[in-house]
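A look at the structure
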Amino acid sequence: MGARLSTFLLLCLCVPAVATELGWVIGECLLVPYLLGLGVRPVWSSFAFLVNPIIGLPLCTWLGQASDKCTSPWGRRRPFIFLFIVGSIAGLLGVAFSN
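This text gives an overview of the structure that appears in the document. (Residues numbered from 1 in each chain as written. Predicted model: local features only at pLDDT ≥ 70, side-chain atom pairs only at ≥ 80, totals over all residues. Heavy atoms only, no water.)

Let's talk about the overall build of the chain
The cut-off we apply is this: Secondary structure elements follow DSSP: runs of H or I of four or more residues count as helices, runs of E of two or more count as strands, with numbering from the N terminus. The reference for a compact globule is 2.2 Å times residues^0.38; the radius of gyration itself is calculated from the C-alpha atoms. Only protein chains enter the calculation, and the probe is 1.4 Å; a residue is then buried if its accessible area is under 20% of its type maximum, exposed if over 50%, and partly exposed in between.
Scanning the chain for helices and strands turns up 4 helices and 0 strands. Each helix (α) and strand (β) of the chain, taken in turn from the N terminus, gives the series α-α-α-α. In summary, the chain has a C-alpha radius of gyration of 18 Å against a globular reference of 13 Å for 99 residues, an excess of more than 25%. Dimensions of the chain along its principal axes, counting C-alpha atoms only, are 55 × 35 × 30 Å. Across the 99 residues in the chain, those meeting the buried criterion constitute 9%.

What follows is the structure in structure tokens.
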């Protein structure tokens, strides 16, 4: 059994996830009104929430396998974390500056 982490250290480890979760919340709040404004029927606009789980399941599996085989000098996980940070920032900026 590993060493126990303090509550403060656990909170510090969780802080980076706040930006991603905040981005998802903002995106989901804006998505349905945006789709309805485009003329999509309400029944079909609710299906937009199924895209993430349907794509996420095979994608997460593939990314996990790819990171396990990664031989980067930065380590196995760091290149993927860096790419996801850049992608998250680009996505959040896209949401912020969309009409």
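What follows picks up the thread again.
Observations concerning the pattern of salt bridges
What counts, and what does not: One speaks of a salt bridge when a side-chain nitrogen belonging to Lys or Arg is within 4 Å of a carboxyl oxygen belonging to Asp or Glu.
A complete count under the given rule lists 2 salt bridges for this structure. Arg76 serves as the salt-bridge partner of Asp68, at 3.9 Å between the closest nitrogen and oxygen. A relative accessible area of 42% places Asp68 in the partly exposed class. In this structure, Arg77 engages Asp68 in a salt bridge whose closest nitrogen and oxygen atoms are separated by 3.1 Å. One salt-bridge network, in which partners are shared between bridges, spans Asp68, Arg76 and Arg77.

Overview of helix H1 (residues 7-37)
For clarity, the threshold we go by: In a helix, the anticipated span is given by 1.5 Å times the number of residues less one. The angle between axes fitted to the seven residues ending at a residue and the seven residues starting there is what we call the bend at that residue.
Here H1 contains 31 residues, and its C-alpha end-to-end distance of 44 Å stays within 8% of the 45 Å for a straight helix at 1.5 Å per residue. By the largest-angle criterion, Pro16 marks the main kink of H1, which is about 35°. Following H1 by one or two positions, Gly39 has its phi on the positive side, about 95°.

Concerning a nonpolar patch on the surface
Note the cut-off: Every patch collects residues that have over 30% relative accessible area and no salt bridge, joining them within 9 Å if they carry like charges and within 5 Å if they are nonpolar side chains (Val, Leu, Ile, Met, Phe, Trp, Tyr). All accessible areas in this document rest on Shrake-Rupley with a 1.4 Å probe, and a residue is counted as covered only by the protein chains that are shown.
Among the surface-exposed residues, Tyr34, Leu38, Val40, Val43, Trp44, Phe47, Leu50, Val51, Ile54, Ile55, Leu59 and Trp62 lie close enough to one another that they form a single nonpolar patch of about 1,200 Å² accessible area. When contributions to the nonpolar patch are tallied by element, the ones reaching two or more residues are helix H2 (42-45) and helix H3 (51-68). Among the elements that take part in the nonpolar patch, H3 stands out by supplying 5 residues, more than any other. Counting through the fold element by element, Val40 comes out in the loop between H1 and H2. For Val40, a relative accessible area of 30% translates into the label partly exposed.

Here's the deal with the environment of Cys29
Summarising the element assignment, Cys29 is placed in helix H1. Exposure remark for Cys29: the relative accessible area of 52% places this residue in the exposed category. Each C-alpha atom of the pair Cys29 and Pro73 lies 40 Å from the other, and the pair is 44 residues apart in sequence.

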